[in-house]
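# Fold and geometry: a report
Here are the chains, one letter per residue:
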Amino acid sequence: MGLSAAAPLWGPPGLLLAIALHPALSVPPRRDYCVLGAGPAGLQMAYFLQRAGRDYAVFERAPRPGSFFTRYPRHRKLISINKRYTGKANAEFNLRHDWNSLLSHDPRLLFRHYSRAYFPDARDMVRYLGDFADTLGLRVQYNTTIAHVTLDKDRQAWNGHYFILTDQKGQVHQCSVLLVATGLSVPNQVDFPGSEYAEGYESVSVDPEDFVGQNVLILGRGNSAFETAENILGVTNFIHMLSRSRVRLSWATHYVGDLRAINNGLLDTYQLKSLDGLLESDLMDLAILKDSKGKFHVTPKFFLEEASTNQSADSITLPQDDNDNFAMRVPYDRVIRCLGWNFDFSIFNKSLRLNSGNAFGKKYPLIRASYESKGSRGLFILGTASHSVDYRKSAGGFIHGFRYTVRAVHRLLEHRHHSVTWPATKLPITQLTSSIVRRVNEASGLYQMFGVLADVILLKETGGEVPPCTLAPASAHGHPSHRGRLLNRLDCPDRAHPTSEALPGELFGHRFAKLLCRVLLPVHPHVPEVATLLPAGVPEDAGTREYREPSAAQSGEQAPAGLCPHRQAPGGQQPAAW
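Described in the following lines is the structure provided in the data block. (Residues numbered from 1 in each chain as written. Predicted model: local features only at pLDDT ≥ 70, side-chain atom pairs only at ≥ 80, totals over all residues. Heavy atoms only, no water.)

### Points about the overall build of the chain
Rules: What counts as a helix is a DSSP run of H or I of at least four residues, what counts as a strand is a run of E of at least two, and both are numbered from the N terminus. Here's how the labels work: a residue is buried when its accessible area is under 20% of the maximum for its type, exposed when over 50%, partly exposed in between, all with a 1.4 Å probe on protein chains only. Contacts: residue pairs with any heavy atoms within 4.5 Å of one another. Computed with the Shrake-Rupley method and a 1.4 Å probe, the accessible areas treat only the protein chains shown as cover for residues.
Assigned secondary structure in the chain consists of 14 helices and 20 strands. Counting only residues that meet the buried cut, the chain has 48% of its 578 residues in that class. Restricting the contact set of the chain to residue pairs at least 6 apart, pairs at least 24 apart contribute 68%. Carbon and sulfur atoms provide 53% of the accessible area of the chain, an area that totals close to 28000 Å².

So, in C-alpha cells, the structure goes:
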C-alpha cells in the first residue's frame, strides 16, 4: 500500500503519514530472519543467508564479533586443533583437521592464516571472526543487546505468530524466523551448604602469583577445571579436584568435549604420587565450612544438618574427627568452581517453551533433530547450544561440527520457505561406487558429524532390471515414515510402485543416523540410469512433521512476505513452501 504522489502534504493523507511515522505508533521493522549472536554459529548462518540473498539481521551485544572469546577460555589457549599441514591439496579433506575455520567461498578466511599454533590463542579467534564478518560484509548490528523475546499472535503469519525482540534501548524488532546462536553463557552453579565460598571460573584470578603456597580445592573435572589447575600447578602446595564421577579422557571416549591431553598435567602429578589428588563425591552430599582463621573445610552435609544452629563452624564434625581421612584433613585456602555452562533462558518469554525443567533441559533448550524448537515453530537453535542433538556422540557443540549443522539448517530453511531444492550432484550409475568411496575418504561434514548428518543417494528406475519395490521408501509399504528400510521383493505387496509424491516427504522423514547412505528408489519410472547425490548434511528426522502437500495446508495459513516465491506450481496450484 502506498500514498498517491498527488496527495497534499498537509491534507489528511499527510497527517496520517505523520501519525504513522511517529516513533510511539510506528510498526517495528519486520525481517524474514533474525540471528541472535555474532559468534561462530551466528556468523556462519549470516554467511549462508547473505549468499542466498535473504532478508536478515544479526544482533550482537558487544562492539565486535566473538565476544565470548574475548574472555574465555580464561587462560587463553583453545583446545581446538589448528592443523595447518596435512600433505593433501584437497580443501574438503583439510577441513577435517581444521577445527576453527568457518565455511566460506574465500580461501583467505581459513584459520590457518591467523595462527601458527597447533592450539591457538583465543585472541586469534577474535581477530579471525572480526575479519570474517568485515570481509564478507555481514549485516551485524553491534552494541545491541536483545533483552526480551516473545511471540505476537497474528493471523497473517504462516504459523500464527511473529517473534518480537526488544533491545536494551526499548527498540522493537520483528521477524518470521528466529535463529538463536547465543551459545552457553551462564555459569553452572550447584546450590549446597557453603557453595557461596567458591570463586567462579568466570571471575577467579588467572595470575599464578595469587596462589603461591596455597591449598586449593577445584570443584569439577572438565577442561575448565584442569585448565585452571594447569595454570597454578607449579606454585600451590597441592590441588585437590572434586567431582561426582571419574575423569573422562577424550582419547579414551573419542568425544572432543572430554578432558584433552593439553590440560591433563594434574593427572601426571596424581598418578606419580605427588601431593595433588582427585576426589569423588556428589556436591549435594557435602558442605563447605569456613573456620575462624578463614580456612575452608569439606564435610558430609549430614554433620551440618545434625549440628545445632547456635554452634560455630569450628564445632561442627569434620571428616578427620571420626576417621583419618588424609585427603581432606588439611583445610583449603581457596575453593574454585569450574562446573561448566548453561544456556541463558532469561530473555525468552515462557510462551516460547524452550525449557523442559529437567536437569538436561536446564543446560540446553528443547529442540528437535532439525534444530527447531519443540515449543515454537520457526525458532531454531544453532551452535554450541544445539549440542543436545548429539551430546557426547559427535562434534555438534564445537565449530568443526556445528558449521555443518548450521549449513544443514539453512538448506532446510531454503527448502521450506523458498522452494530451493537440496543441492545435489547427478552422476551416471557407473560412478556411484567411486563417488561413495570418495565421499567417505574426503567429506568433512560426515567425518565430524557422524551419526547426525548423512549423504542421501536417489536412484532413478532403470526399466526393470532392479525390482522397483526392492529399495522403495518405507512409507510406500505402510511402515512408519521415521523408519526407513531397505526392503526385499517379498516386502512389496502386489509389487506396488511408490508414488512420486511419497519421495519428497521421505527425503526429510527418514532417520539418517548411523548410515552413510539411505537408498531411495525412483521418482519417475523408465528413465536412463542416473544417481543423484545429495551431499553432507541431511539431519536425522529433519522435519517429518513439517512437510505437507499443498492440499494438506491449513485454511488461511500464509507465508510472510519475502519468504515464499510468488509462482504457481504446474496446474495453477500454489506450491507448499512451508
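The structure having been displayed, the exposition proceeds.
### Some remarks on helix α5 (residues 223-232)
Counting buried positions along α5 gives eight out of 10 residues, so the element sits mostly inside the fold. Packing partners of the buried residues in α5 comprise β9 (215-219), β10 (238-243), α7 (265-271), β11 (277-280) and β14 (334-337).

### Looking at the sheet that holds strand β8 (residues 199-200)
Rule in force here: Two strands pair if DSSP finds at least two bridges between them. Comment: axis = line fitted to C-alpha atoms, over the contacting stretch for helices; angle = value between 0 and 180 degrees taken between N-to-C directions.
Reading across the sheet, the five strands line up as β8-β14-β9-β10-β11 and stay open at both edges, with parallel pairing between neighbours. The sheet terminates laterally at β8 and β11, the two strands that pair on one side only. The strands touched by α5 within the sheet are β9, β10, β11 and β14, with β10 carrying the most contacts at an inclination of about 175°.

### Observations concerning the pairing of β14
The side-chain alternation of β14 yields two buried faces, one formed by R334 and I336 and the other by V335 and R337. In the sheet, β8 pairs with β14 via two bridges, with the strands oriented parallel. The partner of E199 across the bridge, within β14, is I336.

### Topic: the state of the cysteines
Put simply, the rule reads: Sulfur atoms of two cysteines make up a disulfide when they are within 2.5 Å.
This model, assessed by the stated rule, comprises zero disulfides. Cysteine C34 remains unbridged, with the sulfur of C175 as its closest cysteine sulfur at 3.3 Å. Note on C34: relative accessible area 0%, which makes it buried. Look at C175 and you get buried, because its relative accessible area is 0%.

### Concerning the pattern of salt bridges
To be explicit about the condition: Here, a salt bridge means any Lys or Arg side-chain nitrogen found within 4 Å of an Asp or Glu carboxyl oxygen.
Counting across every chain of the model gives 13 salt bridges. The partner of R108 in a salt bridge is D106, and the shortest N-O contact between them spans 2.6 Å. Here R108 falls in the exposed class, since its relative accessible area comes to 57%. For D455, the salt bridge identified is with R439, shortest N-O distance 2.7 Å. Taken together, the residues D455 in the loop between α13 (444-448) and β18 (456-459) and R439 in helix α12 (residues 432-442) connect sequence positions 16 residues apart. Taken together, the salt bridges that share partners define one network made up of R248, D258 and R392.

### Quick look at the environment of N82
Our working definition: Between N or O atoms, a polar contact is any pair within 3.5 Å; within protein, one atom must be a potential hydrogen donor and the other a potential acceptor, and residues adjacent in sequence are included only when both atoms are from side chains.
Within the element layout of this structure, N82 appears in the loop between β2 (56-59) and α3 (91-95). Sequence separation between N82 and H97 is 15 residues; the distance between their C-alpha atoms is 7.2 Å. Other than its neighbours up to four places away in sequence, N82 contacts N100, F111, R112, S115, R116, A117, Y118 and P120. Within polar-contact distance, the side chain of N82 engages the backbone oxygen of A117 at 3.1 Å.

### Quick word on the nonpolar core
Operational definition: Only buried residues count toward a nonpolar core, which is a set of Ala, Val, Leu, Ile, Met, Phe, Trp, Tyr and Cys residues joined through side-chain atoms within 4.5 Å.
Membership of the largest hydrophobic core comes to 94 residues, with the highest contact counts inside it found for L36, L138, L165, L178 and L179. Apart from residues lying up to four places away in sequence, L165 is in contact with C34, L36, F59, I146, H148, V149, Q171, V172, H173, C175 and L178. Core analysis: the second largest hydrophobic core is formed by 14 residues, F238, L283, L286 and F296 among them.

### Observations regarding unusual backbone geometry
Most of the time, phi is negative for any residue but glycine, and the peptide bond is trans. Cis geometry marks the peptide bond from Y72 to P73; its omega dihedral reads -10°. Mapped onto the secondary structure, P73 falls in the loop between β2 and α3. A positive phi is found at Y371, a non-glycine position, where the angle reads about 70°. One can find Y371 in the loop between α10 (359-363) and β16 (379-381). We classify Y371 as buried; its relative accessible area is 1%.

### Comments concerning the packing of helix α2 (residues 40-51) against helix α4 (residues 122-136)
Operational definition: Angle categories: roughly parallel below 35 degrees, roughly antiparallel above 145, roughly perpendicular from 65 to 115, and oblique for all the rest. Left-handed is the label given to a crossing in which the near helix is rotated counterclockwise from the far helix by less than a right angle, and right-handed is the label when the rotation is clockwise. Polar here means any residue other than Ala, Val, Leu, Ile, Met, Phe, Trp, Tyr, Cys and Pro, which are nonpolar, and Asp, Glu, Lys and Arg, which are charged; Gly is therefore polar.
Contact geometry for α2 and α4: axes closest at 11 Å, N-to-C directions at 15°. Put simply, α2 runs roughly parallel to α4. As for the relative orientation of α2 and α4, their crossing is left-handed in sense. Between α2, through P40, L43, Y47 and Q50, and α4, the contact on the second element is made entirely by L129, F132, A133 and L136. The class makeup of the residues in the contact of α2 with α4 is seven nonpolar, one polar and no charged.

### Notes on α12
The condition that has to hold: Arc definition: directions from the helix axis to the C-beta atoms.
Of the positions making up α12, those classed as buried are L432, S435 and R439. Projected onto a plane normal to the axis of α12, the buried residues spread over an arc of 65° and lie on a single side.

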